[in-house]
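Below, each chain spelled out in residue letters.
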Amino acid sequence: MRTTNLLMPTLREDPADAEIASHQLMLRAGYIRRLAAGLYTWMPLGLRVLRRVEQVVREEMDRAGAQEVLMPAIQPAELWEESGRWDQYGPELLRLRDRHERDFCYGPTHEEVITDLVRNEVASYRQLPLNLYQVQTKFRDEVRPRFGIMRAREFLMKDAYSFHLEQESLEATYQAMHDAYCRIFQRLGLDFRPVEADTGAIGGHTSHEFHVLAESGEDAIAFSDGGEYAANVELAEAVAEGERPAPAEELRTVETPGMKTIADLVTNHGIPVERTVKTLLVRGAEGGLVALMVRGDHELNEVKAEKLPAVAEPLTMAEEADIRAAAGAGPGSLGPVGLEVPIIVDHAVAALADFTAGANRDGEHLFGINWGRDLPEPETADLRNVVAGDPSPAGDGRLQIRRGIEVGHIFQLGSKYSEALGATVLDEEGRQRTLTMGCYGIGVSRVVAAAIEQNHDERGIAWPDELAPFRVALCPIQPGRNAEVAETAERLYRELSEAGVEVLLDDRGERPGVMFADMELIGIPHRVTIGGKGLERGVVEYQSRSGEAAGEIPLAEATGTLL
Ligand code: ATP
Ligand code: MG
Ligand code: MG
Ligand code: MG
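- The name an unreviewed UniProt entry assigns to the protein is Proline--tRNA ligase, from the organism Thiohalospira halophila DSM 15071.
- According to the UniProt record, the Subunit (unreviewed entry) comment for the protein is "Homodimer."
- Quoted verbatim from the Subcellular location (unreviewed entry) field of the UniProt record, the comment on the protein reads "Cytoplasm".

With respect to the sheet that holds strand β4 (residues 74-76)
(1) Moving on: Overall, antiparallel pairing links the 3 strands, which are arranged β4-β6-β5 in an open sheet. One side of each edge strand has no neighbouring strand; the edge strands of this open sheet are β4 and β5 (94-97). Strand after strand, the sheet turns through a mean of 35° between neighbouring axes, direction not considered.
(2) Moving on: In this sheet, strand β6 (residues 103-106) lies alongside β4 in antiparallel orientation, the contact comprising 3 bridges. Opposite Gln 75, over in β6, you have Cys 105 as the bridge partner.

Observations concerning the packing of aromatic side chains
(1) Moving on: Applying the stated criterion to the full structure yields 9 aromatic pairs.
(2) Moving on: Arranged with centres 6.1 Å apart and planes meeting at 90°, the rings of Tyr 181 and Phe 185 form a pair that is edge-to-face. With Tyr 181 and Phe 185 both in helix α6 (residues 167-187), this residue pair falls 4 residues apart, about one helical turn. For the pair Tyr 181 and Phe 185, one class covers both residues: buried.
(3) Moving on: With a centroid separation of 5.9 Å and 40° between ring planes, the pair formed by Phe 185 and Phe 210 is classed as tilted. Taken together, the positions of Phe 185 in helix α6 and Phe 210 in strand β10 (residues 207-213) put the pair 25 residues apart, joining distant regions of the chain. The same class applies to Phe 185 and to Phe 210, which are both buried.
(4) Moving on: Through successive ring pairs, a cluster of aromatic residues spans Tyr 181, Phe 185, Phe 192 and Phe 210.

About the thresholds
- Residues numbered from 1 in each chain as written.
- Chains lettered and ligands numbered in written order.
- Predicted model: local features only at pLDDT ≥ 70, side-chain atom pairs only at ≥ 80, totals over all residues.
- Heavy atoms only, no water.
- UniProt positions renumbered as here; feature names shortened; annotations may be inferred.
- Pairing = 2+ DSSP bridges.
- Helix = DSSP H or I, 4+ residues; strand = E, 2+ residues; numbered from the N terminus.
- Axes fitted to C-alpha atoms, helices over the stretch in contact; angles between N-to-C directions.
- Phe/Tyr/Trp six-rings, centres within 6.5 Å; stacked < 30°, edge-to-face > 60°.
- Buried < 20%, exposed > 50% of the residue type's maximum accessible area, 1.4 Å probe, protein only.

And the structure:
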């Protein structure tokens, strides 16, 4: 590609309305342009990066045995009525009506559509397990779209859905997806953590989120290195500031929030509640588990918290079901159950936040914490590498709380959708059996922004090779005045392109400073400068975007070096 053929409208100044680095840089580097709130056009450079993410995602999904399909974005209301979500899903669901007055929605996710497909096309256990995925545009009418494509209304998601007869089969596929996600984010060069997550409104039992670590992340995640302790972000913050004792002390005096405080927050501070029912399990002062339910109502703007009877741990499935029933909460709305998780809820804000945090004793189970979007954010600087105290077994107790960007989310859904829609198959004995399901999402477009959060400096984006829109930038100095420079640049361009290297030739005839600034802003990992003086000595100049490598390369070796 030549810059003269490329629509690359770079900006020198940071756009005023962009708050975080990735949003600023995607606008400045001409990667995206805004159409309306939460709606963006992907420009040629941005689209190339997006396609690279898609490519890696597809390769790893295929390798893990999933098959690609493509479902419609527009979905009929009838399916959502069957699942019950037409009424449950709030204003994030964009509802439409066609010329025949039929109701539709623009899909925020595809459980209904895929379950409908499978109930029609799969009849026998022999066709299982089945894992179908797509890379497709979603629409969610986010209450507060922001940070550019990071929290957009229209965005690209990879969503996969698996179908099984038995739980063991679901668990095997879930593990395969967990592994595939790790490979995907590793290949993309991201510093990420899988954390155990709340299953929230989507339902189901087991769930993990994948978070890219970044200060600008909207979520906070807690992880211990094999540790004993866990804490919510608020407590960790207070501990870090020396205001509070370590969690071990705190656990003995923990108090659950009262109804008044929470209602007060909502009515007097206008904090909206995104979820209608939230049940948390917390370890009470006496060591028993206490279930705490927080109910919210969008319309009434009212929230109630009730303390449910303390229960002995560990919870059995039956006890868990009882608590759910008592809480009036649907399946899957309980927080972590039956694990030894000292979650500390001593403040109404923590309870209201879309929240759970913790790590179990063996440190394997990590829980994500989502801050309520509109709650006061903690000072990120204070949250890094918090040592939460360790008067218990040696070597345990180091808890890190870091900000994260949710780039992936996997669930064991169970039979919520297959039951509602009647997706069954005949088993080996010829009995009709309801399928069990998993679902697996990656925010493909969000990954681009998350990657920029981790790969930039004051000069712009600094891509790793795997994600770069072009691997090599060729910058000829004054090619209009020096025919040898122009010819050499053309020759290198041809040789590299033929060898399959994606190369961008800056043929605009701009000053070196302008060329370098643009190539650094858009993030090309390798830059070769071709100048008259160098050519007299038979060399070109190499500079890596990371700043790690720079120097002269003999012209004869240039192509070979850059392959
Ligand atoms: P969030 O907590 O950020 O709102 P979510 O939990 O609602 O995300 P999921 O339903 O788990 O999202 O969807 C799967 C993935 O889609 C998420 O992990 C995230 O990477 C991506 N995603 C969700 N909402 C958006 C959005 N508004 N813009 C871009 N990507 C998104
Ligand atoms: Mg969301
Ligand atoms: Mg989430
Ligand atoms: Mg999620």
